[in-house]
Amino acid sequence: MLENLSIIVWSKEGCSYCDDVKKYLVEKELTYKTVDVTNNDYLRDILDVKYGVRHVPVVEIGQGNVYRGVTEVGIEHLQVAIDEVLVLD
């Protein structure tokens, strides 16, 4: 169910890839929350621990207690992850 879908976009100011991700989610009418890592290195530390990356964007997609992190840059990776979640729904 889409109402149980949780999307978190880890991003920073001035990141065109981050803006592309947010635009894509708006076009798909998917709500999301943003974690802004601009000037917050400790948040990048969290990404490093969780996913082994310090770059953004990272998109977390979750339902219930199960979350998946999309760390690859490019809308095509996000599309695949969202399609997988919607198929399982």
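Heads up: these notes are all about the structure in this document.

**Observations regarding helix 1 (residues 16-27)**
Owing to its 3.6 residues per turn, the α-helix aligns residues three or four sequence positions apart on the same side.
Here's step 1: Along its twelve residues, helix 1 runs 16 Å from first to last C-alpha, staying within 8% of the 16 Å computed at 1.5 Å per residue.
Here's step 2: The first or second residue beyond helix 1 is Glu29, which carries a positive phi of 60 degrees.

**Brief notes about the environment of Tyr67**
Here's step 1: Along the chain, Tyr67 turns up in strand 4 (residues 66-70).
Here's step 2: Judged by relative accessible area, Tyr67 falls into the partly exposed class, the value being 42%.
Here's step 3: Counting along the chain gives 36 residues from Tyr67 to Thr31, while the straight-line C-alpha distance between them is 16 Å.
Here's step 4: Setting aside chain neighbours within four positions, we find Tyr67 in contact with Ser6, Glu60, Ile61 and Gly62.
Here's step 5: A polar contact of 3.2 Å, which involves the side chain of Tyr67, links it to the side chain of Ser6.

**So, the side chain of Glu60**
Here's step 1: In this fold, Glu60 is placed in strand 3 (residues 58-63).
Here's step 2: Residue classification places Glu60 among the buried residues on the basis of a relative accessible area of 4%.
Here's step 3: Polar contacts involving the side chain of Glu60 include one to the side chain of Trp10, which spans 3.0 Å.
Here's step 4: For Glu60, the side chain forms a polar contact with the side chain of Tyr51, separated by 2.5 Å.
Here's step 5: If we skip the residues at most four places from it in the chain, Glu60 touches Ser6, Ile7, Ile8, Trp10, Lys50, Tyr51, Tyr67, Arg68 and Gly69.

**Re the nonpolar core**
Here's step 1: Counting 14 residues, the largest nonpolar core has Ile7, Leu25, Val59, Ile61, Leu78 and Ile82 as the members making the most contacts within it.
Here's step 2: Counting only elements with at least two residues in this core, the list comes to strand 1 (5-11), helix 1, strand 3 and helix 3 (75-88).
Here's step 3: Broken down by element, this core gets its largest block of residues, four residues, from helix 3.
Here's step 4: If we ignore the near neighbours within four places in the chain, the residues touching Val59 are Ile7, Ile8, Val9, Val21, Arg68, Gly69, Val70 and Leu78.
Here's step 5: If you look at the next biggest cluster of nonpolar residues, it comprises ten residues, including Trp10, Cys15, Cys18 and Leu43.

**As for the pairing of strand 3**
The two faces of a sheet get side chains in turn, since along a regular strand they alternate between them.
Here's step 1: The buried fraction of strand 3 is high, at five of six residues.
Here's step 2: In this structure, strand 1 lies alongside strand 3, joined through six bridges in antiparallel fashion. Counterpart to Ile8 in the pairing with strand 3 is Glu60.
Here's step 3: In the sheet, strand 3 pairs with strand 4 via five bridges, with the strands oriented antiparallel. Its bridge partner being in strand 4, Gln63 is matched across the sheet by Val66.
Here's step 4: The hairpin turn running from strand 3 into strand 4, its antiparallel successor, is two residues long, and Gly64 in that turn takes a positive phi close to 65 degrees.

Rules behind the numbers
Residues numbered from 1 in each chain as written. Predicted model: local features only at pLDDT ≥ 70, side-chain atom pairs only at ≥ 80, totals over all residues. Heavy atoms only, no water. Helix = DSSP H or I, 4+ residues; strand = E, 2+ residues; numbered from the N terminus. Expected span 1.5 Å × (residues − 1). Buried < 20%, exposed > 50% of the residue type's maximum accessible area, 1.4 Å probe, protein only. Contact = heavy atoms within 4.5 Å. Polar contact = N/O pair within 3.5 Å; in protein donor to acceptor, adjacent residues only side chain to side chain. Core = buried A, V, L, I, M, F, W, Y, C linked by side-chain atoms within 4.5 Å. Pairing = 2+ DSSP bridges.

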